[in-house]
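# Inside the fold
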Number of protein chains: 2
Amino acid sequence: MLEAAREIGVDIDSVCGGHHGICGRCQVSLSTGAFPKLGLTCEPSHLSPFSDDEARYRDKHGLLTGRRLACVARIAGDVVIDVPPESQVHKQIVRKRPDTRAVEVDPVVRLHYVELTPPTIDDQRTDLVRLREALQDEWDIVDLTCDGAALAGLPGALIEGQWKITVAVREGNRLIAAWPGLRERLFGLAIDIGTTTIAVTLCDLDTGNVVGEGGVMNPQIRFGEDLISRVSYIQLSPLGVRQLTAVARKAILRLAADTAADAGIELADIVEATVVGNPIMHHIFLGLDPLGLGRAPFTLVVDEALAVKATDVGLRIHPGAHAYTLPCIAGHVGADTAGVLLSEAPHESDEVVLVVDVGTNAEIVLGNRGRLLACSSPTGPTFEGAQISSGQRAALGAIERVRIDPETLAPRFRVIGSDLWSDEEGFEDSIAGIGVTGVCGSGIIEAVAEMYLVGLVDAGGRVTGERTKDYAHVVRSGEVYDYLLHQGPPALYVTQTDVRSIQLAKAALYAGARLLMDNFGVESVERIVLAGAFGTYMDPLHAMILGMIPDCDLSRVVAAGNAAGAGARIALLSRRARAEIEDLVGRVEKIETAAEKRFHKYFVAAMAFPHRDDTFPNLERALANAEPSRLSHSDRLVDKSQPAPRAAR
Amino acid sequence: MLEAAREIGVDIDSVCGGHHGICGRCQVSLSTGAFPKLGLTCEPSHLSPFSDDEARYRDKHGLLTGRRLACVARIAGDVVIDVPPESQVHKQIVRKRPDTRAVEVDPVVRLHYVELTPPTIDDQRTDLVRLREALQDEWDIVDLTCDGAALAGLPGALIEGQWKITVAVREGNRLIAAWPGLRERLFGLAIDIGTTTIAVTLCDLDTGNVVGEGGVMNPQIRFGEDLISRVSYIQLSPLGVRQLTAVARKAILRLAADTAADAGIELADIVEATVVGNPIMHHIFLGLDPLGLGRAPFTLVVDEALAVKATDVGLRIHPGAHAYTLPCIAGHVGADTAGVLLSEAPHESDEVVLVVDVGTNAEIVLGNRGRLLACSSPTGPTFEGAQISSGQRAALGAIERVRIDPETLAPRFRVIGSDLWSDEEGFEDSIAGIGVTGVCGSGIIEAVAEMYLVGLVDAGGRVTGERTKDYAHVVRSGEVYDYLLHQGPPALYVTQTDVRSIQLAKAALYAGARLLMDNFGVESVERIVLAGAFGTYMDPLHAMILGMIPDCDLSRVVAAGNAAGAGARIALLSRRARAEIEDLVGRVEKIETAAEKRFHKYFVAAMAFPHRDDTFPNLERALANAEPSRLSHSDRLVDKSQPAPRAAR
């Protein structure tokens, strides 16, 4: 039946090759009775009787009543066969959110069970020749290649499995591993190397299911908090890149080992890895000196996708395993953005979508099915909490949400590690041992946006004492005012300088998006995807109040979470996705912001809150519908006839 | 001029790509005057004037008067150009002995100097794209591929070399290394893994010259002296093969490092390695469990040539380097024999040549231009001095040559470590600190052959007391006699059991050769090549007296020395040689001695000295011309009418 199904193009799953009846993947059911539309009648006798092989499988693994194994059941007349979803080859999908597309699980590494003819004195062909023959006969695999490391597992597997083995084959014809007997599960590791954290996802390559996840701080932090300082370190230290490469690889290996252990598998069970990261993380991981990326004209050593031996990059998973690095797009638009493209698929969107991945720099993609543009904007690390007086990374104790009372100007906030607002009962207890240690990126954005909403910051970005009667929340020194966010200790302020830093960063981000819209020829976007941890915690309303992102229906602004990591997982599970992204990056139009005069024009214009030249009808609508206390103040936004705030820079 | 030469198919050498005038490889001379046969006249003015580039090269590196650089000289009229040998591309040859063929140096890795266009803000293509473009433009290299390890050297080289670099390209289009500026020398390592010793040869890949050599004991010896005991160890120990692999790789790496250091180069200057060894050494080196080779039906895991990443086999030479293992031929006929085939080239011989490589087993090849046959004969380790009462490896203190006085029966011998015979003046002094410690393979062969010549051993292999009057040199115990080779201490005997061991071994060797001759359809061979250290020390006359090898004109019996190692060197230096041996091994007819009934017939027949069924006219002639003292005794051989010695078994 399996053969018949293949002939008519119905792919029924099978690991054991379809004629051993041992893997049980090919379960099907017979539908009996008359099928007038098909013009046939199906009798139970139209299939061969339930066989010994099927009974053996049922006794060992269980088999639902009525189920048959397609590889042993023989067709003896007209039949109507039901193939349940779990027996279909292209059954599995990876879907991150309801609004993202489904991806078929079709990994680059596949398992094949084979039974080899044992050698005799008259047939002394090599093990590899025997294996080639079996794989060709049973799996139509031709021209099998292999490397020494993969071959090393073969003789032991043949001896232990008594010439019955399962092999892992990569890209259709490359032998990478062999195990005795039948093996049905294989694992892959998606690696997302962020400047701050490294995250891995362990997947079952058959089902596509996530079986483990883990994350650690990127230990390169000790060589510099941000990318620029790490590149500086490399410039100044002869062994710099080697050190940074070594610590990153070591951390990844340890993380992989811990994640595998938690999932109850061995590192050697992992046969494939995928890697995303920004260009500098990508280069350092591969051992490539990133100096070209640290200065104009910002060139990559390599942008294409690479499949390197995992052992060559310190990843001691299965010795035959490979690590696939997603392609980079441009000097500041890396394999992380390629991952975002894979998971968010703007190239499959009919709407014009803006994808923003905010890290040390913002990587921005705009487009739709017809055309994609990408650029990077030099936002600096402000949005990560750096270069902010009370700033810190998004870690325990960091203020991540802020609200300011429009009447009293009193702040309330939420802190990472607690679910309570600071004015709720039990807040102090909830942060015992954690404390309030600083303000992270999303916190500072909300704080500044709220300060603007309540009139503590004017449209030009000046912190003003106008509304302050008693200076309970505002500290004045000379002509400059700072806002007291938390009494402390430590006392946390949003200073005038902080607001200026946010202005610079948000203007850069907006200008990048605007430049892409300009080049694309649109005045607005239909959907905005905020990728990265940053996007997850940030309130789209506040981002729009600041003028970080262009105007858009707020319900169409979504946080994609770790979209780059999700893309690494898709590339891990889908061979087609790799071909897709490799093709796609070549078609992305790269816009170099530094080379564009318009970028600087937009940048200057975008310094104001929300800013000078563009309109924000969606934002105005949202604020109009918001809580009454804010309505009055949002007049400033709605009433375009009032020039005052815009002049007051 | 370089372009013109290439157009008419004259390959002038060049590393710098032919238009930079910096490598000076393309030196040529102009011949002036009238050339009536060519119908032209050549004036000095027909070449562009001596240029600044040429002057710069001359001042820096020297340039013979009259020499021009073909890459900068321009043709302005009819010219007649002399290309000196050193400026020709296919100039170099590898020739081991006058009677072996020449091999053109054409290594798999080649150097190419290129100057890349530096990036600008308007041209942000990657380093790799730039490199591809330059290699295509200047060297016609298309579809350049690379792996991560090779790429790692690229950015640093580009920065240091200011966009002028030299790259190493493997197999025409695979980038494996990059260095700043012009680099003209590259090195390769030929590795010969013997059961007892490991030898390496370090070669300049440009000239083909040997720049270093080294050898060490194979540290696997601590797991077993011979192959069988090592395979037994692997069978009994779960980590067996890993241990043996690890110690061998470590020894090779250390040997490579020492040899490189002696030659004044870095390990990283070595960009390619080749490996030969018998099937078990070959498998263990690659980390392949050799258990299939330790028992019938003696199958290999893999027989084809492999190119593995050098780092994958513990060889930390250049990170982009590969190790190429020559193909194996059959279960007992390994990559070492492939090396012998390459260096001795029986497939290019018009004569029928027998090539014998004696180690623990003898690997035997017979054939000519038309046809090649190979087999392995189970000689056991006797010829290596094992399983002999006073036997030892060929090392300091081992008796390697033996002569017995036909009158007095007194032995004299030579010992490894001394150039003197034992009866020469100063012998005792010459071996002070060494001593006489045992008898190695060639020593035992000569001893038994001499014993036969002087009548101490009869044709059937019995040690006889007949000729002994005073028992000064023969010890009798019951009916058995042993010959005292050295008074000691330690006293060294050739016992009756030793003679039987030699009989078994030599009969196996002869039977293998005879079986091949049978299958080939010849009764005699025209040339015999004795490969391996064994062949170097062994006297062909004694080998023939024993009946180890078939009859052959003694002047046509040559010792090839380490022919397997020489083959590894040829494969290192010649890409064509690799293709040749990969093709050739497929055409070798493998004869399985164990499966052949005739082998056993020949084996039994070959037990006698020299032996029963064959004639040895060449040997008889040789003995007839030998020193008078032997003439009388050689009557036994010459006079076929005397059946006595042959019956006396």
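Just so you know, the residues in each chain are numbered from 1, in the order the chain's sequence is written. Chain labels run from A onward and ligand labels from 1 onward, assigned in the order the entries are written. Side-chain atom pairs in this predicted model are given and counted only at pLDDT of 80 or more, local residue features only at pLDDT of at least 70, and totals for whole chains, interfaces and linings cover all residues. Remark: hydrogens and water are excluded; side-chain values derive from all non-hydrogen atoms of the structure.

Time to look at the overall build of chain A. To qualify as a helix, a DSSP run of H or I must reach at least 4 residues; to qualify as a strand, a run of E must reach at least 2; elements of each kind are numbered from the N terminus. Within chain A, the regular secondary structure consists of 21 helices and 29 strands. In terms of overall dimensions, chain A has C-alpha extents of about 100 × 70 × 55 Å along its principal axes. Sorting the 649 residues of chain A into buried and exposed places 59% on the buried side. Within chain A, contacts between residues separated by at least 24 positions form 65% of all contacts whose residues are at least 6 apart in sequence. Accessible surface area values rest on a Shrake-Rupley calculation with a 1.4 Å probe, where residue burial reflects the displayed protein chains alone. When the accessible surface of chain A is summed, it comes to about 25,600 Å², and 50% of that surface belongs to carbon and sulfur atoms. By the counting rule applied here, Lys and Arg register as positive and Asp and Glu as negative, while His and the ends of each chain are not counted. In this description, the location of a charge corresponds to atom NZ of lysine, CZ of arginine, CG of aspartate or CD of glutamate. Each charge sign in chain A was given a centre, from 64 positive and 86 negative side chains, and these centres are 3 Å apart. The classification of residues rests on relative accessible area computed with a 1.4 Å probe and restricted to protein chains. Under 20% of the type maximum is buried, over 50% is exposed, and intermediate values are partly exposed. The contact criterion used throughout is that any non-hydrogen atoms of two residues lie within 4.5 Å.

What follows deals with the nonpolar core. Note on terminology: a nonpolar core comprises buried Ala, Val, Leu, Ile, Met, Phe, Trp, Tyr and Cys residues joined through side-chain atoms within 4.5 Å. Core analysis: the biggest nonpolar cluster contains 112 residues, and Leu131, Leu151 and Ile165 of chain A together with Ile191 of chain B have the highest contact counts within it. Residue contributions to this core peak at eight residues, all from helix 7 (residues 240-262) of chain B. By size, the runner-up hydrophobic cluster in this structure holds 111 residues, among which are Leu111, Ala190, Val241 and Ile284 of chain A.

This paragraph deals with the pattern of salt bridges. Just to be clear on terms, a salt bridge is a Lys or Arg side-chain nitrogen sitting within 4 Å of an Asp or Glu carboxyl oxygen. Scanning the model with the defined rule gives 62 salt bridges over all chains in all. Of the charged contacts in the structure, one is a salt bridge between Glu523 of chain A and Arg514 of chain A, with a shortest N-O distance of 2.9 Å. The residue Asp123 of chain B makes a salt bridge to Arg125 of chain B at a minimum N-O spacing of 2.8 Å. Residue Asp123 of chain B is classed as buried on the basis of its relative accessible area, which comes to 17%.

Now for the packing of aromatic side chains. All names here are of chain A. Each Phe, Tyr or Trp ring (for Trp, its six-membered ring) is paired with any other whose centre lies within 6.5 Å, and the angle between the two planes then decides the class: stacked below 30 degrees, edge-to-face above 60, tilted in between. Inspection of the entire model under this criterion finds eight aromatic pairs over all chains. Summarising the aromatic geometry, the rings of Phe599 and Phe603 are spaced 6.2 Å apart at their centres and angled 20° between planes, so their arrangement reads as stacked. Highlighted residues: Phe599 and Phe603, both in helix 17 (residues 597-605), separated by four residues, approximately one helical turn. Take Phe599: its relative accessible area is 4%, and that puts it in the buried class. The class for Phe603 is partly exposed, based on a relative accessible area of 22%. Throughout this description, the term charge over a ring refers to an Arg CZ or Lys NZ atom that lies within 6 Å of the ring centre and within 35 degrees of the ring normal. When the ring centre of Trp179 is taken as reference, the NZ or CZ atom of Arg183 above it lies at 4.4 Å.

Here we take up the relation of the copies chain A and chain B. In screw terms, the move from chain A to chain B is a rotation of 180° and a rise of 0.1 Å along the axis, fitting with an RMSD of 0.2 Å. In the structure described here, the two chain copies are related by an operation that fits a two-fold rotation axis. When each C-alpha of chain A is compared by its distance to the rotation axis, Asp312 of chain A comes out closest, at 4.2 Å. Comparing contact sets, 100% of the residues at the interface of chain A also lie at the interface in chain B, consistent with an isologous, same-surface contact. All copies are superposed by least squares; the fitting set is the C-alpha atoms of residues with a pLDDT of at least 70 in both.

This next bit is on the sheet that holds strand 21 (residues 398-404) of chain A. Sheet strands pair via backbone hydrogen bonds, and the direction of the pair is either parallel or antiparallel. All names here are of chain A. By this definition, two strands are paired if DSSP reports at least two bridges between them. Read from one edge to the other, the open sheet built from three strands follows the order 22-21-23, with strand pairing classed as mixed. Two strands in the sheet have a free side with no partner beyond their single neighbour: strand 22 (411-415) and strand 23 (438-439). For strand 21 and strand 23, the ladder comprises two bridges, and the chain directions are parallel. Across the sheet, residue Ile399 finds its bridge partner in strand 23, namely Val439. Contacts from helix 11 (residues 441-453) reach strand 21 and strand 23, with the element oriented near 15° to strand 21. Interaxial angle, 0 to 180 degrees, is taken between N-to-C directions of lines fitted to C-alpha atoms, where a helix line uses only the stretch in contact.

Right, let's talk about the packing of helix 6 (residues 227-236) of chain B against helix 7 of chain B for a bit. Residues and elements named next belong to chain B. Axis separation between helix 6 and helix 7 bottoms out at 7 Å; the angle between their running directions is 130°. Overall, the two elements helix 6 and helix 7 adopt an arrangement that is oblique. Seen from helix 6, the contacting residues are Arg230, Tyr233 and Ile234; seen from helix 7, they are Gly240, Val241, Gln243 and Leu244. Residue polarity is assigned by list, with Asp, Glu, Lys and Arg as charged and Ala, Val, Leu, Ile, Met, Phe, Trp, Tyr, Cys and Pro as nonpolar; anything else, Gly included, falls into the polar class. Class assignment for the residues of the contact of helix 6 with helix 7 results in four nonpolar, two polar and one charged. Working definition: roughly parallel below 35 degrees, roughly antiparallel above 145 degrees, roughly perpendicular at 65 to 115 degrees, and oblique for all remaining angles.

Time to look at the interface of chain A and chain B. Think of interface size as the accessible area that goes away when the parts come together; that is how it is often given. Contact with chain A, which involves 39 residues of that partner, is made by 39 residues of chain B. Throughout, the accessible surface (probe 1.4 Å) given up by two parts as they are put together, summed over both, is called the buried area. Where chain A abuts chain B, roughly 3,100 Å² becomes buried across the two surfaces, and 63% of that area is made up of carbon and sulfur atoms. Taken as a group, Gln124, Pro297 and Val301 of chain A account for 17% of the area that chain A buries against chain B, more than any other trio of residues on that side. Connecting chain A to chain B are four salt bridges. One salt bridge connects Asp312 of chain A with Lys309 of chain B, and the closest N-O pair in it is separated by 3.0 Å. Polar contacts here mean pairs of N or O atoms no more than 3.5 Å apart (in protein, one a potential hydrogen donor and the other a potential acceptor; neighbouring residues in sequence count only if both atoms are side-chain atoms). Our count for the contact surface shared by chain A and chain B stands at 14 residue pairs in polar contact (both at pLDDT 80 or more). Secondary-structure elements contributing two or more residues to the side of chain A that touches chain B are helix 3 (127-139), helix 4 (148-151), helix 5 (154-160) and strand 16 (306-309) of chain A. In terms of residue class, the side of chain A that touches chain B is made up of 19 nonpolar, eight polar and 12 charged.

Without other data, these values stay purely geometric and don't point to any function.
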